[in-house]
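# Descriptive structure summary
Chain residues, written in single-letter form:
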Amino acid sequence: MTAITISVNQVLARKGGKTFSVTPDTSVYDTLALMAEHNIGAVLVSENDQLKGIFTERDYARKIVLKGLKSRDAKVGEMMSTNLHTVPPSEQLTTVMTVMTQRRFRHVPVVDNGKLIGLISIGDVVKAIMDEQEATIKHLANYIAGDIAT
Ligand code: AMP
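As a starting point, this report considers the structure included with it. Note that the structure is predicted; figures quoted are calculated from it, not measured.

### Topic: the sheet that holds strand β2 (residues 42–47)
If you trace the 3 strands from one edge of the open sheet to the other, you get β1-β2-β3, paired in mixed fashion. Single-partner strands in this sheet number two, and they are β1 (21–22) and β3 (50–56). The sheet contact formed by β1 and β2 spans 2 bridges and is parallel. Paired with Val22 across the bridge in β2 is Val45. Contacting β1, β2 and β3, helix α2 (residues 28–38) runs over the sheet at an angle of about 80° to β3.

If you want it as structure tokens, here you go:
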């Protein structure tokens, strides 16, 4: 089995660096509406260009639904996770996979010199690995076919 050597930068180059953010005073309801509109499972919370935290569907389930709170009354700034784990673009995807597995979250913001430049989700990780494996298989198939032809 070949080692996976894809950087976060390469993943962002393929998927783009677009992220969705709200300010801490946004209601959880409006935040969920934004997530539904863009078909995403997490939003970043930022204020004055400063990354403050992340809010995901899991936060909604645990901190709003289970506690019987109303999403129209709750502010996302009170429900977000603040101890953000971020990675630089030079990080290897395998490291991101380890972080996601060990810390049990599915989203990692990418920060370059203090500036948010993208977000890697577990779906992006799976896709990048599948693409890499497909390329490897094609390469090996071509190699074998070439070998047989000669
Ligand atoms: P997720 O699996 O991404 O839905 O997140 C599970 C929990 O971890 C939620 O409480 C999130 O707010 C939190 N979380 C998600 N991503 C991160 C991250 N990169 N750093 C810190 N907490 C996170």
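### Describing the environment of Gly17
Structurally, Gly17 is set in the loop between α1 (8–15) and β1. For Gly17, a relative accessible area of 41% translates into the label partly exposed. It is 7.0 Å that separates the C-alpha atoms of Gly17 and Leu119, two residues lying 102 residues apart in sequence.

### Concerning the site of the ligand
What surrounds the ligand is a group of 14 residues, the closest being Thr56, Asp59, Ser81, Arg106 and His107. Between an oxygen atom of the ligand and a side-chain N or O atom of Thr56, the distance comes to 2.8 Å. Contact between the ligand and His85: a nitrogen atom at 2.9 Å from a main-chain N or O atom of the residue. Protein contacts shield 92% of the accessible area of the ligand, which totals 480 Å² for the unbound molecule. The pocket occupied by the ligand, as judged from atoms lying within 2 Å of grid points, is the largest pocket. Mapped onto the shell around the ligand, the elements with two or more residues apiece are β3, α3 (57–65) and β4 (107–112).

Analysis parameters
- Residues numbered from 1 in each chain as written.
- Predicted model: local features only at pLDDT ≥ 70, side-chain atom pairs only at ≥ 80, totals over all residues.
- Heavy atoms only, no water.
- Pairing = 2+ DSSP bridges.
- Helix = DSSP H or I, 4+ residues; strand = E, 2+ residues; numbered from the N terminus.
- Contact = heavy atoms within 4.5 Å.
- Axes fitted to C-alpha atoms, helices over the stretch in contact; angles between N-to-C directions.
- Buried < 20%, exposed > 50% of the residue type's maximum accessible area, 1.4 Å probe, protein only.
- Near = heavy atom within 4 Å.
- Polar contact = N/O pair within 3.5 Å; in protein donor to acceptor, adjacent residues only side chain to side chain.
- Areas by Shrake-Rupley, 256 points an atom, 1.4 Å probe, with all protein chains shown as cover.
- 1 Å grid on protein atoms, 1.4 Å probe; cavity = no way out; pocket = protein on both sides within 12 Å on 5 of 7 lines; lining within 4 Å.
- Sits in = over half its atoms within 2 Å of the grid points.

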